[in-house]
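Listed here are the chains, written in short residue letters.
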Amino acid sequence: LLSAIARETTRLRLRAGSVVMPLNDPIRVAEEWAVVDNLSGGRAEIAFASGWHPDDFALMPNAYESRNRRMFDGIDDVTKLWCGQTIERRNGAGETIEVRTYPTPIQPRLPIWLTAAGNPETFRKAGELGFGVLTHLFNQDLPELEEKIRLYRNAFRSAGHAPEQARVAVTLHTFVAESLADVRHHAKDAYCDSLRNNLGLLKQLAFSQGQSMDIESLPREELDDMLDWLFDKFVGGRSLLGTVESCNETCRDLAKVGVNEVA
């Protein structure tokens with residue numbers, strides 16, 4: 001998709017949010033994203049994630065338990081390959097060889113983000129490594145996010161990175177209309193259908209609030225009530241579902257807690 005967008009645009013940064021590293025071979029990631037970087041004239045960036053849903057790991061079931069370690073090992077390999085270095089691999093004949101990827105990217109250094117679903121340790125690690133942070137407001141409010149951003153920026157600075165290079169982006173569902181009534185009319189059904197088809201997100205939200213529930217077994221009426229409540233909650237400030245005025249207010253609130261960008 002971003003290869004296509006690369007040909008249609010000239011200034012937009014082209015970012016993945018996110019590459020689930022444990023499900024991908026670092027050699028393939030480095031090679032494919034170097035192609036995007038070339039097609040775009042050097043505008044590619046990647047947010048890496050460890051993954052969390054067991055079903056996603058049907059692609060690589062043995063990687064689930066060690067997904068966090070595999071993510072950081074994979075990022076290290078991608079970074080080396082991006083810079084023109086080689087990594088060791090075993091070939092089909094059982095021999096150890098040195099592998100280098102092509103084409104050479106335009107950018108000498110790949111801009112890297114770490115996807116943080118809310119774990120403070122992920123924020124701290126991103127700061128320590130000098131990466132950007134890509135996060136969301138699905139299971140954390142602004143005061144919680146502010147504290148995690150503070151942890152991130154402190155770690156960034158303590159590791160010797162230039163503080164002005166620290167970057168925090170927050171992903172927000174977006175639908176801007178003339179009135180809240182228009183938002184509800186045009187966006188509510190699609191938003192609730194999206195959540196209904198991704199019940200794992202609702203489980204994650206409930207778990208983050210210290211609750212455990214079997215969402216799949218809820219009667220349709222109770223599930224609909226929950227989705228209605230969530231939509232109203234997100235229209236109230238955890239998204240850019242709203243009017244120009246309300247969305248501007250949300251952006252100002254995000255800036256106050258240290259967010260640089262909205263995705």
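Above: the structure in question.
Residues numbered from 1 in each chain as written. Predicted model: local features only at pLDDT ≥ 70, side-chain atom pairs only at ≥ 80, totals over all residues. Heavy atoms only, no water.

A. Structural context of the overall build of the protein. Of regular secondary structure, the protein possesses nine helices and 10 strands. The principal-axis extent of the C-alpha atoms belonging to the protein is close to 60 × 40 × 40 Å. Scored against the burial criterion, the 263 residues of the protein give a buried share of 41%. Sequence separation of at least 24 residues holds for 66% of the intrachain contacts in the protein that already meet a minimum separation of 6. Within the structure as shown, the protein displays about 14400 Å² of accessible surface, and the carbon and sulfur contribution to it stands at 50%. Both charge centroids of the protein, one from 30 positive and one from 38 negative side chains, sit 6 Å from each other. (Helix = DSSP H or I, 4+ residues; strand = E, 2+ residues; numbered from the N terminus. Buried < 20%, exposed > 50% of the residue type's maximum accessible area, 1.4 Å probe, protein only. Contact = heavy atoms within 4.5 Å. Areas by Shrake-Rupley, 256 points an atom, 1.4 Å probe, with all protein chains shown as cover. Lys, Arg positive; Asp, Glu negative; His and termini not counted. Charge placed at Lys NZ, Arg CZ, Asp CG, Glu CD.)

B. Fine view of the side chain of Arg238. Tracing the sequence through the fold places Arg238 in the loop between helix 8 (220–235) and strand 9 (240–242). A polar contact is formed between the side chain of Arg238 and the backbone oxygen of Gln140, at a distance of 3.5 Å. (Polar contact = N/O pair within 3.5 Å; in protein donor to acceptor, adjacent residues only side chain to side chain.)

C. Quick look at unusual backbone geometry. The omega torsion across Gly17 and Ser18 is 20°, close enough to zero to call that bond cis. In this fold, Ser18 is placed in strand 1 (residues 14–20). Look at the link from Tyr102 to Pro103: it is a cis peptide, with omega at 0°.

D. Up close: the packing of helix 4 (residues 120–129) against helix 5 (residues 142–158). One can describe the packing of helix 4 onto helix 5 by two numbers: an axis separation of 7 Å at closest approach and a directional angle of 30°. By the angle between their directions, the pair helix 4 and helix 5 is classed as roughly parallel. For the pair helix 4 and helix 5, the sense of crossing is right-handed. Between helix 4 and helix 5, the contacting residues are Pro120, Phe123, Arg124, Ala126, Gly127 and Glu128 on the first element and Leu145, Lys148, Ile149, Leu151, Tyr152, Ala155 and Phe156 on the second. Residues belonging to the contact of helix 4 with helix 5 are distributed by class as follows: nine nonpolar, one polar and three charged. (Axes fitted to C-alpha atoms, helices over the stretch in contact; angles between N-to-C directions. Parallel < 35°, antiparallel > 145°, perpendicular 65-115°, else oblique. Left-handed = near helix turned anticlockwise from the far one by under 90°. Nonpolar A, V, L, I, M, F, W, Y, C, P; charged D, E, K, R; others polar.)

E. Here's a closer look at the pairing of strand 3 (residues 87–90). Alignment of strand 3 against strand 4 (residues 96–99), held across four bridges, turns out to be antiparallel. Along strand 4, the bridge assignment pairs Arg89 with Ile97. The hairpin turn running from strand 3 into strand 4, its antiparallel successor, is five residues long, and Gly94 in that turn takes a positive phi close to 80°. (Pairing = 2+ DSSP bridges.)

F. Just the pattern of salt bridges, in detail. With the rule as written, the count across this model stands at 19 salt bridges. Close ionic contact of Asp193 with Arg196 constitutes a salt bridge, the shortest N to O distance being 2.7 Å. You can see Asp193 and its partner Arg196 sitting in helix 6 (residues 180–196), three residues apart, about one turn around the helix. We classify Asp193 as partly exposed; its relative accessible area is 39%. In this structure, a network of salt bridges that share partners links the residues Arg13, Arg15, Glu45, Arg167 and Glu261. (Salt bridge = Lys/Arg side-chain N within 4 Å of Asp/Glu carboxyl O.)

G. Representation of the packing of helix 2 (residues 26–40) against helix 3 (residues 67–82). Helix 3 packs onto helix 2 with a crossing angle of 45° between their chain directions and a minimal axis gap of 9 Å. If you check the angle between helix 2 and helix 3, you find them oblique. As for how helix 2 packs across helix 3, the hand of that crossing is right-handed. The residues of helix 3 that touch helix 2, namely those facing Pro26, Ile27, Val29, Ala30, Trp33, Ala34 and Asp37, are Gly74, Asp77, Val78, Leu81 and Trp82. Grouping the amino acids of the contact of helix 2 with helix 3 by side-chain chemistry returns nine nonpolar, one polar and two charged.

H. Up close: the packing of aromatic side chains. Within the structure shown, the criterion is met by five aromatic pairs. Geometrically, the ring pair formed by Phe138 and Phe234 is tilted, given 5.4 Å between the ring centres and 40° between the ring planes. Taken together, the residues Phe138 in the loop between strand 6 (132–136) and helix 5 and Phe234 in helix 8 connect sequence positions 96 residues apart. The exposure classification of Phe138 matches that of Phe234, with both residues buried. Its guanidinium or amino end placed over the ring of Phe72, Lys125 lies 5.5 Å from that ring's centre, counting from NZ or CZ. (Phe/Tyr/Trp six-rings, centres within 6.5 Å; stacked < 30°, edge-to-face > 60°. Lys NZ or Arg CZ within 6 Å of the ring centre and 35° of its normal.)

I. Just the environment of Glu144, in detail. Its place among the elements puts Glu144 in helix 5. You can call Glu144 partly exposed: its relative accessible area is 38%. Considering only alpha carbons, one finds Glu144 and Ser217, 73 residues apart in sequence, at a separation of 31 Å. A polar atom in the side chain of Glu144 sits 2.8 Å from the backbone nitrogen of Asp141.

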